[in-house]
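Listed here are the chains, written in short residue letters.
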Amino acid sequence: MAKTAFDKLAAASALVLLAPLLLAIAAAVWLEDGGPVLARQTRIGRRGRPFHRYAFRTVAADSGRRTQTGAW
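I will try to describe carefully the structure that is included in this document. Fair warning: this is a prediction, and the values are worked out from it, not measured in the lab.

Considerations on the side chain of Arg57
Mapped onto the elements, Arg57 comes out in the segment after strand E2 (50-56). Among residues more than four places away in sequence, those in contact with Arg57 are Val29, Asp33, Gly35, Pro36, Val37, Leu38 and Ala39.

Set out below in structure tokens:
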């Protein structure tokens, strides 16, 4: 129980400390071409259950979509 409490406190503290940096990155991505800031990917997780992974977009919004195999 103590480890869980520590993990949650550490994660919340890191989020508060990194919030200005994350906002600056989001603004830079949005100002670059006005597209969406986050990209969503579906991954397979524990016990084969799919989950969504969100990350800052690193390619142009209109650059095309990848197939399941990663080919363009």
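Back to the text.
Section: the environment of Thr42
Here Thr42 is to be found in strand E1 (residues 38-44). Discounting chain neighbours no more than four positions away, the residues touching Thr42 are Pro50, Phe51 and His52. Within the structure, Thr42 has its side chain in polar contact with the side chain of His52 (distance 3.3 Å).

Considering helix H1 (residues 2-33)
Relative to the 46 Å expected for 32 residues at 1.5 Å per residue, H1 spans 45 Å between its end C-alpha atoms, a close match to the ideal helical length. Along H1, the helix axis deviates most sharply at Leu18, where the bend reaches about 50 degrees; the proline Pro20 sits within four residues downstream. Following H1 by one or two positions, Gly34 adopts a phi angle in the positive range, close to 75 degrees.

Re the pattern of salt bridges
Overall, the coordinates contain two salt bridges when judged by the stated rule. The closest approach of N and O atoms between Asp33 and Arg57, which form a salt bridge, is 2.9 Å. Linking Asp33 in helix H1 with Arg57 in the segment after E2, this pair joins segments that are 24 residues apart in sequence. Residue classification places Arg57 among the buried residues on the basis of a relative accessible area of 12%.

Rules of the game
Residues numbered from 1 in each chain as written. Predicted model: local features only at pLDDT ≥ 70, side-chain atom pairs only at ≥ 80, totals over all residues. Heavy atoms only, no water. Helix = DSSP H or I, 4+ residues; strand = E, 2+ residues; numbered from the N terminus. Contact = heavy atoms within 4.5 Å. Polar contact = N/O pair within 3.5 Å; in protein donor to acceptor, adjacent residues only side chain to side chain. Expected span 1.5 Å × (residues − 1). Bend = angle between axes of the 7 residues up to and from the residue. Salt bridge = Lys/Arg side-chain N within 4 Å of Asp/Glu carboxyl O. Buried < 20%, exposed > 50% of the residue type's maximum accessible area, 1.4 Å probe, protein only.

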